Amino acid sequence: MILPFTIFHIIVLIISPPLASGCNSTCGSLYIPFPFGMDEPHCYAHKWFEIECKLGRNSSDIPKPYLKSLNLEVRDFDANSSLVTIMSPIYHSNCKNNKNSSNSNKIVTLRDSPFVYSQNENTFLAVGCNNLAFLQSNGTTVGGCVSICDDDNSNNFNLGNYDCNGKYCCKTSLPSHLSEFNATVRGLGELSSGGCGYALIARTYWIIFGSSDNSAYEIEKLNELKNMEYVPALLEWEILNDMLINSTFQLPPDFYDSNVTSLSSKNTGRQCRCSEGYYGNSYLPGGCTENQRFSYKNNRVKKWAINVGISSSLGSIGLLIGLWFLYKSIKRRMVKKRRENFFKRNGGLLLQKRMSSGEVNVDRTTLFTLKDLKKATDNFNKNRVLGKGGQGTVYKGMLVDGKIVAVKKFKVEGKVEEFINEFVILSQINNRNIVKLLGCCLETEIPLLVYEFIPNGNLFEYLHDQNEDIPMTWDMRLRIACEIAGALFYLHSVASQPIYHRDIKSTNILLDEKYRAKVADFGASRIILIEDTHLTTMVQGTFGYIDPEYFYTSQFTEKSDVYSFGVVLAELLTGKKPISSTTTSEDSQNLSSYFVQCIEENMLFDIIDKRTIEGGEKEHIIAVANLAYRCLEINGRKRPTMKEVTLELEGISGFNNKFNAQQNDEEIEFYGIEQYQPWDGFSASNSLSIMSNQTHSTDSKLMHIRAIE
């Protein structure tokens, strides 16, 4: 019995994946795995995967592989993970005699192809002094960041002293399904030193600072951007469904559906992957081979017991039973030790300390097992993904009791502060307009949080991709604004300790089954001591929502959340995105500054969403607009508190509801307005005083706070 088992493993070790007959599988020193290939059409799955082997851009003697249809140089293939490393261009501004000057107007276009920039494996990076870097796709700005300097060292700065968080360089995550890449860099007006600036998409591990022995090598690369034209980036790919029509290529039976190139959840293609414990090329029949080290590590005790039992078959059965119990005991110890290591690495000791100090409300949370969450999410199936971000990936799941939940798998890479921070904060909150934390799982390699499931996406998607079946009416916008304000008022003033959210934006406002607002994503939030007035931190947040006072002082106050709320309120009124851009960078607009300008020039109704005007009374719209204007004050001291904002919105909402009820009874009366003025007769200034008197005198019972559930 031992001999056939040994022969089988020897055969597995020496067999290599089959290749198509007559196909060249190497270009220079790089091996080209199927479905990629060269020469004849039967050597690759589709023309998109055809490789052209030619001399590099510097006319070197060593030939290099290129994706022929896209003319992109390839540095590496990973067929099992459906990833390919390409050389992505560097964009620059105000740089003289640079080697990469030829890339200044180049646009990388992957549209209609099976390739997209990988959101998880890449980062958008900008380097330079006092520059704004915009990541653009299809003529629209989809991301960006700011790099600043406070000295005259723009041409010889040392990135090694900074973690690329805004000083000399900045970075941000990529949007999902990025199929076109262009970047522009421009100065920060009077702050600009006129120095050279660079913008690029690069593989995340290529730009990690101070995390490994090779960090000095990476930092040297970034300081030498002037001598580089391209940097490595990762493309994710799939076999598109239409590639399989009338094609001789057949996928192996263990494929799964994917939507790599689709912005929706619709399946657009298929991918293959070797099972756990196997390696090789999953796109070839029999291309996956068992990992001998994995097999030995996980089965060595069991195999030892079986082999001893076979060799001593004439001996005592009691010996076999003893060995079996020894195996089970060792396995239990191994599992226990592994869970303890995961618990410590995922911040379990820090969490225990906070639980013992009373910071965490244990009664409101459940400790889930990995087995429970794997079953709930179908083993974290890609089709269950609800969204991806800088902190990790969120999956939709169903527990054994039938309850639908959202499971967040963090991408912490050894840093667990954001995970622990979100867990501690949400465990103390009990508010109907804040997403509810149900529990966590710490016994896994990657920490997991479990939340209530919010079915209708986020406010940004609903506001800017209007649903014709359920339109965004004025009443709905006003109600959502009241709910967000009430949640922030709760965090600032009602919670046992004040909490600053620090990342208020429309994508962090979720909508439940009744389209009620739920504030989410507390990874950047902080609990503040009652006697403190501000929090000094490294500047972080989302471009377009950041308080300019916080940006320049690094001091975050409760008024910084008020500013971000003002941007969301301007979004609700205008239907515009916080940052809008056309194909030219000069046309880029910041919604907050544009909104304030229109208010001051009495041009409010030039930018108000037409759907808002159709459904709302003009004096109500003007009152809300003036409230947003006050929230967007540059001087934080002049902004209202969230308590004042909530009171005003509740007053306007209460008057609006009363007006609608009277209108339905055909008894229309304007309380507090002696004379009705036509649409053209109103201005932002005169309506402010009217609505101020109106909302504070109509009915004091309407001025209530719906903050605590």
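That block above? That's the structure.
Turning next to the pattern of salt bridges. Within the structure shown, the criterion is met by 16 salt bridges. Close ionic contact of Arg75 with Glu73 constitutes a salt bridge, the shortest N to O distance being 3.0 Å. Residue class for Glu73 comes out buried when judged on its relative accessible area of 5%. Each of the salt bridges in this network shares a partner with another, and the network as a whole consists of Lys64, Glu73 and Arg75.

So, about the sheet that holds strand S14 (residues 180-187). Judged by pairing direction, the sheet is antiparallel, and its 4 strands sit side by side in the order S8-S14-S11-S12 without closing on themselves. Looking along the sheet, the strands with just one partner apiece sit at the ends: strand S8 (108-109) and strand S12 (140-147). Pairing analysis gives 2 bridges linking S8 to S14, with the strands arranged antiparallel. Paired with Val108 across the two strands is Phe181, which belongs to S14.

Next up on the list: helix H9 (residues 474-494). Here H9 spans 28 Å end to end across 21 residues, near enough to the 30 Å set by a 1.5 Å rise per residue. Counted residue by residue, H9 has 17 buried out of 21 residues, so it is predominantly covered.

Tracing the chain through its elements places Thr377 in the loop between helix H6 (370-376) and strand S23 (385-388). Separated by 2.8 Å, the side chain of Thr377 and the backbone oxygen of Leu373 make a polar contact. Setting aside chain neighbours within four positions, we find Thr377 in contact with Arg384, Tyr395, Lys396, Gly397 and Val407.

The next point concerns the packing of helix H11 (residues 558-574) against helix H15 (residues 618-631). Two elements in contact, H11 and H15, have axes separated by 8 Å at closest approach and are oriented at 150 degrees. Here H11 lies roughly antiparallel to H15, going by the angle between them. In this structure, the crossing between H11 and H15 has a hand that is left-handed. Listed contacts from H15 to Val562, Tyr563, Phe565, Gly566, Leu569 and Leu573 of H11 are Ile621, Val624, Ala625, Leu627, Ala628 and Cys631. Across the contact of H11 with H15, the residue classes break down as 11 nonpolar, 1 polar and no charged.

Time to look at the state of the cysteines. This structure, assessed with the given rule, holds 5 disulfides. Here Cys274 pairs with Cys288 through a disulfide, and the sulfurs are 2.0 Å apart. Residues Cys274 and Cys288 share a disulfide whose torsion about the S-S bond is about -85 degrees; that sign makes it left-handed. One end of the pair, Cys274, is in the loop between strand S19 (269-271) and strand S20 (278-280); the other, Cys288, is in strand S21 (residues 288-290), with 14 residues separating them in the sequence. Given a relative accessible area of 9%, Cys274 falls into the buried group. Exposure remark for Cys288: the relative accessible area of 26% places this residue in the partly exposed category. The thiol of Cys440 is unpaired, and the distance to the nearest cysteine sulfur, on Cys441, comes to 7.4 Å.

Turning our eyes to something else, we now look at a nonpolar patch on the surface. The grouping of Ile317, Ile321, Trp324 and Phe325 at the surface amounts to a nonpolar patch, some 460 Å² of accessible area in total. Position of Ile317 among the secondary structure elements: in helix H4 (residues 317-345). Relative accessible area serves as the criterion here: at 62%, Ile317 is assigned to the exposed category.

Before going further, it helps to spend a moment on the sheet that holds strand S13 (residues 169-172). Across the sheet, 4 strands lie side by side as S7-S15-S10-S13; this open sheet has antiparallel pairing. Strand pairing shows two members of the sheet lacking a second neighbour, strand S7 (91-93) and S13, which therefore form its edges. Averaged over neighbouring strand pairs, the angle between their axes works out to 20 degrees when direction is ignored.

Our focus in this paragraph is the packing of aromatic side chains. A complete count under the given rule lists 15 aromatic pairs for this structure. Summarising the aromatic geometry, the rings of Trp237 and Tyr283 are spaced 5.1 Å apart at their centres and angled 35 degrees between planes, so their arrangement reads as tilted. Remark: Tyr283 occurs in the loop between S20 and S21 and Trp237 occurs in strand S16 (residues 230-237); sequence separation between them is 46 residues. Across the pair, Tyr283 and Trp237 agree in class, each one buried. Members of the aromatic cluster, joined through ring pairs, are Phe36, Phe49, Phe77, Phe115, Trp237 and Tyr283.

What counts, and at which threshold
Each chain has its residues counted from 1, following the order in which its sequence is written. Per-residue local features are limited, in this predicted model, to residues with pLDDT of at least 70; the limit for side-chain atom pairs, both in listing and counting, is 80 or more; totals at the level of whole chains, interfaces and linings are taken over all residues. Excluded from the side-chain calculation are hydrogens and water; included are all heavy atoms of the structure. For this document, the term salt bridge refers to a Lys or Arg side-chain nitrogen within 4 Å of an Asp or Glu carboxyl oxygen. Residue exposure (1.4 Å probe, protein chains only): buried if accessible area is under 20% of the type maximum, exposed if over 50%, otherwise partly exposed. Two strands qualify as a pair provided DSSP detects at least 2 bridges between them. A helix here means a DSSP run of H or I that spans at least four residues, while a strand means a run of E at least two residues long, and both kinds are numbered starting from the N terminus. Expected span, for any helix, means 1.5 Å times one less than how many residues it has. Two N or O atoms form a polar contact when they lie within 3.5 Å of each other; inside protein one atom must be a possible hydrogen donor and the other a possible acceptor, and for residues adjacent in sequence the pair counts only when both atoms belong to side chains. Every residue pair with non-hydrogen atoms within 4.5 Å of one another is taken to be in contact. Note on definitions: angles span 0 to 180 degrees between N-to-C directions of axes, and those axes are lines fitted to C-alpha atoms, for helices only across the stretch in contact. In what follows, roughly perpendicular refers to angles from 65 to 115 degrees, roughly parallel to angles under 35, roughly antiparallel to angles over 145, and oblique to any angle outside these ranges. Take the far helix as the reference: if the near one is turned anticlockwise from it by less than a right angle, the crossing is left-handed, and if turned clockwise, right-handed. Only Asp, Glu, Lys and Arg are considered charged, only Ala, Val, Leu, Ile, Met, Phe, Trp, Tyr, Cys and Pro nonpolar, and every remaining residue, Gly among them, polar. Criterion for a disulfide: a pair of cysteine sulfur atoms within 2.5 Å. What makes a patch is a set of residues exposed beyond 30% relative accessible area and free of salt bridges, joined within 9 Å when like-charged and within 5 Å when nonpolar (Val, Leu, Ile, Met, Phe, Trp, Tyr). All accessible areas in this document rest on Shrake-Rupley with a 1.4 Å probe, and a residue is counted as covered only by the protein chains that are shown. Geometry of aromatic contacts follows a simple scheme: Phe, Tyr and Trp rings, the Trp one being its six-membered ring, pair when their centres are within 6.5 Å, and the pair is stacked under 30 degrees between planes, edge-to-face over 60, tilted otherwise.

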